[in-house]
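The chain contents come next:
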Amino acid sequence: MTTDTDIELSGAFQAKDSNGRTLDVKEIRIFDEGYGIIDVYVEFAAKLDPDAYKDTVLVRQLVERLRTLGYVGPDFGHSDPGLQESRLIVLEAPEEFSAFAKSRGWKNLAEEFDE
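As the structure is a prediction and not an experimental result, all values here were calculated from the model.

Brief notes about the environment of Tyr41
Part 1 of the argument: In this fold, Tyr41 is placed in strand S5 (residues 39-44).
Part 2 of the argument: In this structure Tyr41 comes out as buried when scored by relative accessible area, which is 10%.
Part 3 of the argument: Measuring from C-alpha to C-alpha, the distance between Tyr41 and Glu8 comes to 9.5 Å, with 33 residues separating the pair along the chain.

Below, the structure is given as structure tokens:
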């Protein structure tokens, strides 16, 4: 899924799920152009449980990783269940994430139409 429009926010690290299992995260990324709502893609090295995106312990650790990189703001929720994959969790970032995303090169195309 990596393309020239991806912005890597974090490289590899480990996180634990609510069952205490250690999971290897390959990367956290976003796309460099969007329309206000930012989906955050977390790619894992191995297959996940089908409902891993609902695991609050795991999601909290993913957000904490972003906080160590400079994100300041509320927790995330998961994005559309249809976007979740066997090795990918897609999180929907809150509006406050935009400032952090912009600092990493993300462009909000919707701002071009604001008056």
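Past the structure itself, the notes keep going.
Re the pairing of S5
Part 1 of the argument: Counting buried residues in S5 gives 5 out of 6 residues, a clear majority hidden from the surface.
Part 2 of the argument: For strand S3 (residues 22-31) and S5, the ladder comprises 4 bridges, and the chain directions are antiparallel. Looking at the pairing, Arg29 lines up with Tyr41 of S5.
Part 3 of the argument: Pairing of S5 with strand S7 (residues 88-92) involves 5 bridges; the strand directions are antiparallel. Counted as the bridge partner of Val42 is Ile89 from S7.

Some thoughts on the nonpolar core
Part 1 of the argument: In this structure, Val40 and Phe97 are the most contacted members of the largest nonpolar core, which totals 29 residues.
Part 2 of the argument: Those elements giving two or more residues to this core turn out to be strand S1 (6-10), strand S2 (13-16), S3, S5, helix H1 (56-68), S7 and helix H2 (97-103).
Part 3 of the argument: The leading source of residues in this core is H1, at 5 residues.
Part 4 of the argument: Among all residues touching Phe97, those that are not within four sequence positions of it are Leu9, Ile30, Ile38, Val40, Leu66, Tyr71 and Phe76.

Side note on H1
Because each turn of an α-helix spans 3.6 residues, side chains separated by three or four positions in sequence point in the same direction.
Part 1 of the argument: Taking 1.5 Å of rise per residue, the 13 residues of H1 would be expected to cover 18 Å, and the 18 Å separating its terminal C-alpha atoms lies within 8% of that figure.
Part 2 of the argument: Within the span of H1, buried status applies to Leu58, Val59, Leu62, Val63 and Leu66. Along H1, the residues classed as buried sweep out an arc of 135° about the axis, all on the same side. For H1, exposure combined with an orientation more than 90 degrees from the buried face picks out Thr56 and Thr68.

Calculation rules
- Residues numbered from 1 in each chain as written.
- Predicted model: local features only at pLDDT ≥ 70, side-chain atom pairs only at ≥ 80, totals over all residues.
- Heavy atoms only, no water.
- Helix = DSSP H or I, 4+ residues; strand = E, 2+ residues; numbered from the N terminus.
- Buried < 20%, exposed > 50% of the residue type's maximum accessible area, 1.4 Å probe, protein only.
- Pairing = 2+ DSSP bridges.
- Core = buried A, V, L, I, M, F, W, Y, C linked by side-chain atoms within 4.5 Å.
- Contact = heavy atoms within 4.5 Å.
- Expected span 1.5 Å × (residues − 1).
- Arc of directions from axis to C-beta.

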